[in-house]
Protein chains: 2
Amino acid sequence: MLRYSCINTDIKIIGEENGLNLEEEFNNYSAKIADIIRGLNQRKDKPGEWLQWMNLGYNEETVWYVKEFASLVEGRFDNILVLGIGGSTLGGLAVTEAVLKPYWNLLTKEQRNNYPRIFFLDNIDPDSINGILEILDLKKTLVNVITKSGDTAETMSQFMVIKDLMEKTLGDDYRKNIIATTDKKMGILRQLADQEGYKIFYVPDDIGGRFSVFSSIGLVPFALVGLDIEKIINGIKDIDLELKNTDIHQNIAAQGALIHYLMDTKKGKNITVLMPYSSRLKYIPDWYVQLIAESLGKAYNRDGEKVNTGLTPVKAVGASDQHTKLQLLNEGPNDKLTTFIRVGEFDSTINIPKIFEYTGIGYLGGNTLNNLMDAEADSTRVSLADYQRPSITITIDRIDEYHIAQLLYMLEVQTAITGELYNINTFDQPGVEQVKNYVYALMGRAGFEGSANSLQEKMTTV
Amino acid sequence: MLRYSCINTDIKIIGEENGLNLEEEFNNYSAKIADIIRGLNQRKDKPGEWLQWMNLGYNEETVWYVKEFASLVEGRFDNILVLGIGGSTLGGLAVTEAVLKPYWNLLTKEQRNNYPRIFFLDNIDPDSINGILEILDLKKTLVNVITKSGDTAETMSQFMVIKDLMEKTLGDDYRKNIIATTDKKMGILRQLADQEGYKIFYVPDDIGGRFSVFSSIGLVPFALVGLDIEKIINGIKDIDLELKNTDIHQNIAAQGALIHYLMDTKKGKNITVLMPYSSRLKYIPDWYVQLIAESLGKAYNRDGEKVNTGLTPVKAVGASDQHTKLQLLNEGPNDKLTTFIRVGEFDSTINIPKIFEYTGIGYLGGNTLNNLMDAEADSTRVSLADYQRPSITITIDRIDEYHIAQLLYMLEVQTAITGELYNINTFDQPGVEQVKNYVYALMGRAGFEGSANSLQEKMTTV
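Reading guide: rules and limits
- Residues numbered from 1 in each chain as written.
- Chains lettered and ligands numbered in written order.
- Predicted model: local features only at pLDDT ≥ 70, side-chain atom pairs only at ≥ 80, totals over all residues.
- Helix = DSSP H or I, 4+ residues; strand = E, 2+ residues; numbered from the N terminus.
- Rg over C-alpha atoms; globule rule 2.2 N^0.38 Å.
- Buried ≥ 20, exposed ≤ 12 C-beta atoms within 10 Å, placed from the backbone.
- Core = buried A, V, L, I, M, F, W, Y, C linked by C-beta atoms within 7 Å.
- Contact = placed C-beta atoms within 7 Å.
- Pairing = 2+ DSSP bridges.
- Axes fitted to C-alpha atoms, helices over the stretch in contact; angles between N-to-C directions.
- Expected span 1.5 Å × (residues − 1).
- Domains from an automatic or database assignment.
- Least-squares fit on C-alpha atoms with pLDDT ≥ 70 in both.
- Left-handed = near helix turned anticlockwise from the far one by under 90°.
- Nonpolar A, V, L, I, M, F, W, Y, C, P; charged D, E, K, R; others polar.
- pLDDT = per-residue confidence, 0-100.
- Parallel < 35°, antiparallel > 145°, perpendicular 65-115°, else oblique.

The number of helices and strands found in chain A is 16 helices and 12 strands. By the compact-globule yardstick of 23 Å for 462 residues, chain A fits well, its C-alpha radius of gyration being 23 Å. Across its three principal directions, the C-alpha atoms of chain A cover 70 × 65 × 50 Å. Taking all 462 residues of chain A together, 58% fall into the buried category.

Attention now moves to the nonpolar core. Core analysis: the largest hydrophobic core is formed by 297 residues, its most contacted members being Met410(A), Leu258(B) and Met410(B). No other element matches helix H14 (residues 401-422) of chain B, which puts 13 residues into this core. Leave out the neighbours within four places in its chain, and Met410(B) touches Leu2(B), Ile239(B), Leu243(B), Ile252(B) and Ala253(B).

Residue and element names in this part refer to chain B. Read from one edge of the open sheet, five strands run E1-E12-E11-E7-E10, paired in mixed fashion. Two strands bound the open sheet, and with one partner strand each, they are strand E1 (3-8) and strand E10 (312-315). Here the average twist between neighbouring strands, direction ignored, is 20 degrees. As defined by bridge partners, strand E11 (residues 336-343) adjoins strand E12 (residues 391-396) across six bridges and the pair is classed as parallel.

What follows is about helix H14 (residues 401-421) of chain A. Side chains that are three or four residues apart share a direction in an α-helix, a result of its 3.6 residues per turn. Residues and elements named next belong to chain A. Between the first and last C-alpha of H14 there are 30 Å, a value that for 21 residues agrees with the 30 Å anticipated at 1.5 Å per step. Judged by how many residues are buried, H14 sits mostly within the fold: 21 of 21 residues are covered. Just downstream of H14, Asn423 is the residue with a positive phi angle, here 60 degrees.

Time to look at the domain arrangement of chain A. Many descriptions give the size of an interface as the accessible area lost when the pieces come together. Residues and elements named next belong to chain A. Split by domain assignment, chain A resolves into domain 1 (3-43 + 233-421) and domain 2 (52-227). Computed from C-alpha coordinates alone, the two centres of domain 1 and domain 2 are separated by 30 Å. Of all the secondary structure elements, the ones that give two or more residues to the side of domain 1 that touches domain 2 are helix H9 (229-244), helix H11 (284-296) and H14. Per element, the largest residue contribution to the side of domain 1 that touches domain 2 is seven residues, and it comes from H11.

It is worth spelling out the relation of the copies chain B and chain A at this point. By a simple turn and slide, chain B fits onto chain A: the slide is 0.0 Å along the axis, the RMSD is 0.0 Å, and the turn is 180 degrees. This pairing of chains is accounted for by a two-fold axis. When the interface residues of chain B are mapped onto chain A, 100% of them again fall at the interface, so both copies present the same face.

In this section: the sheet that holds strand E10 (residues 312-315) of chain A. Residues and elements named next belong to chain A. Pairing is mixed across the open sheet formed by five strands, whose spatial order is E1-E12-E11-E7-E10. Only two strands of the sheet have a single partner each, and these edge strands are strand E1 (3-8) and E10. On average, adjacent strands in this sheet sit at an angle of 20 degrees to one another, irrespective of strand direction. Summarising the sheet, E1 and strand E12 (residues 391-396) pair through five bridges and their orientation is antiparallel. Among the inter-strand pairings, Asn8 is bridged to a residue of E12, identified as Ser391. Those strands touched by H11 are strand E7 (271-276) and E10, and its axis lies near 175 degrees from that of E10. Strand contacts of helix H13 (residues 369-386): E1, strand E11 (336-343) and E12, with the helix running at about 160 degrees to E11, the strand carrying the most contacts.

All names here are of chain B. Where helix H4 (residues 90-99) contacts helix H8 (residues 216-224), the axes come no closer than 9 Å and their chain directions differ by 35 degrees. The hand of the H4/H8 crossing is right-handed. Along its contact with H4, which presents Gly91, Gly92, Val95 and Thr96, the element H8 presents Gly218, Pro221 and Phe222. The class makeup of the residues in the contact of H4 with H8 is three nonpolar, four polar and no charged.

As a further point, take unusual backbone geometry. With an omega of 0 degrees, the peptide bond between Gly318(A) and Ala319(A) qualifies as cis. Relative to the assigned elements, Ala319(A) resides in the loop between E10 and helix H12 (326-331). For Asp206(A), which is not glycine, the phi torsion reads 60 degrees and is therefore positive. Positive phi, normally seen in glycine, also occurs at Trp50(B), with a value near 55 degrees. With respect to the helices and strands, Trp50(B) occurs in the loop between helix H2 (22-43) and helix H3 (60-73).

Residue and element names in this part refer to chain B. Structurally, the position occupied by Cys6 is in strand E1. Under the C-beta neighbour-count criterion, Cys6 is labelled buried, with 21 such atoms within 10 Å. Expressed as a C-alpha distance, the spacing of Cys6 and Phe340, which sit 334 residues apart in the sequence, is 9.3 Å. Residue contacts for Cys6: discarding those within four places in its chain leaves Arg381 and Thr393.

All right, on to the interface of chain B and chain A then. Contact residues are listed per partner, giving 115 residues for chain B and 116 residues for chain A. Of all the elements, helix H13 (residues 369-386) of chain B adds the most residues to the side of chain B that touches chain A, at 14 residues. By residue class, the composition of the side of chain B that touches chain A is 52 nonpolar, 42 polar and 21 charged.

Between its first and last C-alpha atoms helix H11 (residues 284-296) of chain B spans 18 Å; for 13 residues at 1.5 Å apiece the expected length is 18 Å, and the two agree. For H11(B), the tally of buried residues reaches 13 of 13 residues, placing the bulk of the element in the interior.

The next subject is the environment of Lys163(A). Mapped onto the secondary structure, Lys163(A) falls in helix H6 (residues 153-170). Considered as a pair, Lys163(A) and Ile178(A) are 15 residues apart in the sequence and their alpha carbons are 8.5 Å apart.

Moving on, we come to the pairing of strand E9 (residues 306-309) of chain A. All names here are of chain A. Sheet analysis places strand E8 (residues 298-300) next to E9, joined by two bridges and oriented antiparallel. Residue pairing for E9: Lys298 is matched across the bridge by Thr309. Following E8, the chain reverses through five residues before pairing antiparallel with E9; Gly304 in that reversal takes a positive phi of roughly 80 degrees.

Reading predicted coordinates in detail is not appropriate for stretches of low pLDDT. Within chain A, residue pLDDT values average 96, and 100% of them lie at 70 or more. Interface confidence for the predicted complex, given as ipTM, is 0.97, next to a pTM of 0.98.

Residues and elements named next belong to chain A. In contact at an axis separation of 8 Å, helix H15 (residues 433-442) and helix H16 (residues 449-459) are set at 95 degrees when each is read in the N-to-C sense. With respect to H16, the element H15 is oriented roughly perpendicular. Where H15 abuts H16, its residues Asn437, Tyr438, Tyr440, Ala441 and Leu442 lie against Ser451, Ala452 and Leu455. Looking at the contact of H15 with H16 residue by residue, the class counts come to six nonpolar, two polar and no charged.

Next up on the list: the environment of Asp173(A). Residue and element names in this part refer to chain A. In this structure, Asp173 sits in the loop between H6 and strand E5 (178-183). Taking the C-beta count within 10 Å as the criterion, Asp173 has 11 such neighbours and is therefore assigned exposed. Each C-alpha atom of the pair Asp173 and Ala98 lies 34 Å from the other, and the pair is 75 residues apart in sequence.

Put into structure tokens, the structure is as follows:
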């Protein structure tokens with residue numbers, strides 16, 4: 001189970017100026033928090049509320065379909081190439097990097113138990129797309145193009161380039177090497193996939209990209225590389241009831257949400273740092289960054305007041321970033337709340353041999369790298385407290401499908417509750433619409449000539 | 001040459017509340033900036049000023065030694081394994097990822113022109129170290145252990161584990177597969193390397209980790225994978241005189257420094273976002289994050305006043321992060337200054353084929369991915385200005401040794417000038433010393449029993 005192993009936000013630990021009286025605050029906010037949790041669960045199935053991600057722990061039917069398909073194509077492909085951007089790839093990258101064996105794409109097929117390599121193409125950089133085409137045998141590659149709306153310019157451009165090449169390389173058979181993950185009813189990709197005869201997986205309604213990792217968007221690539229997606233769903237299911245608990249004292253997502261909210265609004269800590277102590281978890285902060293940035297960065301609240309609210313999320317990885325960011329965390333502006341993620345037990349234990357015994361590094365011998373990792377994390381936590389900087393520590397027992405799913409799902413619930421505390425719409429992103437229109441205009445899409453003119457004019461000065 | 005292609009910080013563009021009157025400010029600060037630049041160059045060669053990185057463009061002798069060694073071992077190794085943490089690996093990772101062909105470690109030996117793969121082991125995670133040992137044939141691996149002080153606990157632990165394995169696998173010959181990059185006179189690694197007979201490269205005095213990428217710390221791995229390190233040095237040399245120019249109107253590092261300083265101190269923008277529009281440049285923000293965080297995050301200024309100053313650096317990569325962070329940049333708190341890095345010309349041009357012509361994505365066909373990348377960057381820049389958010393755009397002509405070196409060196413000079421404007425010591429890191437002592441204490445290093453006791457006591461409550 002997921003647990004907070006440490007909450008260093010108390011005035012007794014970090015002082016009056018920076019700390020919170022948590023006991024008092026939990027009591028003050030207990031009714032409000034209960035209302036929020038009740039509200040989210042009541043609105044959950046209402047169309048247009050974008051809360052369908054809260055049902056993904058009960059998604060056994062999709063799990064069945066995805067597993068069915070994965071077993072059908074097992075052994076046929078050497079590579080999975082995921083085309084997407086933002087929420088269509090970040091969760092996939094974070095979970096596969098965590099759960100698959102490290103350096104997966106560099107292992108031999110045997111070391112991978114015959115499962116394919118996996119690549120997430122999350123950009124339109126011509127050099128790196130050229131690069132990936134140099135290493136992939138398209139005949140042995142299954143392309144999974146993911147866009148909910150079906151017309152994301154970056155993803156569809158990637159797809160047009162690669163589909164064209166596949167057709168030239170494979171002839172008509174190329175269709176068997178493409179799967180589309182998109183909306184059930186709408187959009188160009190839905191249409192094309194039908195016409196062309198690609199295998200399709202649907203993204204349920206009312207799930208935004210940043211909350212989509214446990215929908216077919218993530219489950220399909222996970223199953224294709226051999227992850228146990230039943231364990232993922234079970235992980236969510238097992239924690240979901242806990243996270244529905246309306247008692248803040250029993251609900252770690254509610255606690256995390258309230259602490260982040262109060263640390264920002266009362267103590268000026270508007271930067272949230274996520275710092276796992278594990279290289280395998282290194283892309284989870286990237287996923288978290290999108291979750292927080294898009295969900296909480298809002299110009300207006302639900303009452304239409306201009307608030308320009310939002311926590312700025314920052315990625316860190318321990319122990320490495322003790323050597324890059326810790327100086328700032330300790331001595332810079334006291335405007336950050338750091339969340340550490342600790343791993344109860346690593347898969348491997350590595351002994352540091354007793355060599356160089358009579359030198360200044362002799363003390364390391366006889367320890368393990370595991371000890372050292374723990375010592376680094378403990379030392380950093382205490383050091384932050386010494387500097388009166390708040391932190392929270394979440395511990396997961398080990399890194400596997402079950403626990404990673406719980407961690408990510410808890411952070412989603414925490415973010416949803418945080419958004420309610422700010423009284424904002426957690427699930428829209430009005431601030432990126434104009435950019436999309438500008439891009440359409442510059443690329444010559446019909447209907448965007450107005451944007452094109454206004455943009456060309458601005459570009460002479462801006 | 002490096003240039004600012006756009007400075008969107010002016011009140012005429014983003015309004016009085018968020019903008020600066022740059023013409024006026026450049027004039028106000030011209031004398032101070034001239035003093036700072038003169039001061040840095042005068043103090044440059046004084047021991048203890050930590051400014052020796054300003055001489056790395058004139059480092060022809062080291063270049064000669066490194067090239068000599070690289071040609072000596074050419075063809076002998078399939079892998080370079082760099083052991084280090086923080087500044088010992090971040091610059092190497094950033095530059096090799098940028099300049100080498102994309103997906104370098106996945107290319108065949110022929111595609112790599114027989115140069116080895118390169119791995120930067122920048123953490124002590126037991127799972128990922130176990131993982132890398134599964135894929136490397138140690139007989140064909142050259143290990144480059146990098147620590148200036150010679151006793152960094154993480155790096156020396158990595159080294160002890162791997163040296164022990166190498167000795168078991170290779171017998172006495174293992175010595176030929178190890179090079180040490182460390183201080184010339186001091187430290188345990190210096191001593192061990194001598195005793196054991198490893199090849200040694202020296203890190204010059206008075207260069208901190210975050211300013212060390214163009215010392216032997218970076219040059220050795222660069223040369224080993226076939227980068228042209230002469231071009232690197234030439235790039236720095238060619239831009240160095242420009243960056244010594246005491247006229248702010250002619251010196252882009254001074255301009256960048258002043259803009260960041262004023263945007264923080266006058267306009268409350270204390271978050272600096274670095275966003276290259278290129279996947280190959282994706283680790284340059286990570287390198288920048290350390291540079292900014294450790295250099296500018298300081299509790300005290302040079303007059304001993306408590307200031308807790310510092311810009312918080314945030315990584316972004318375009319176009320991908322338009323789908324993760326742009327919502328926050330546009331609509332969240334107006335507390336960020338974004339620096340875009342644009343690439344004048346990519347190595348590859350990829351046409352988007354004219355397919356699906358009569359669908360909603362037909363407009364994309366006939367364009368190139370290069371067009372699209374430019375459209376995304378232009379649209380985002382204009383969109384930020386629409387929301388009255390400041391940005392700066394730096395353009396490099398292309399991605400190669402010469403231009404990447406100029407970019408990184410310019411950012412170093414900019415950071416040094418920024419530190420002077422804040423009146424802080426840019427080159428120390430007092431806020432991480434206590435953590436190191438705690439780690440020593442927990443790992444049982446003699447002499448740290450005092451720290452151990454105080455730490456154990458704290459850990460019961462913190």
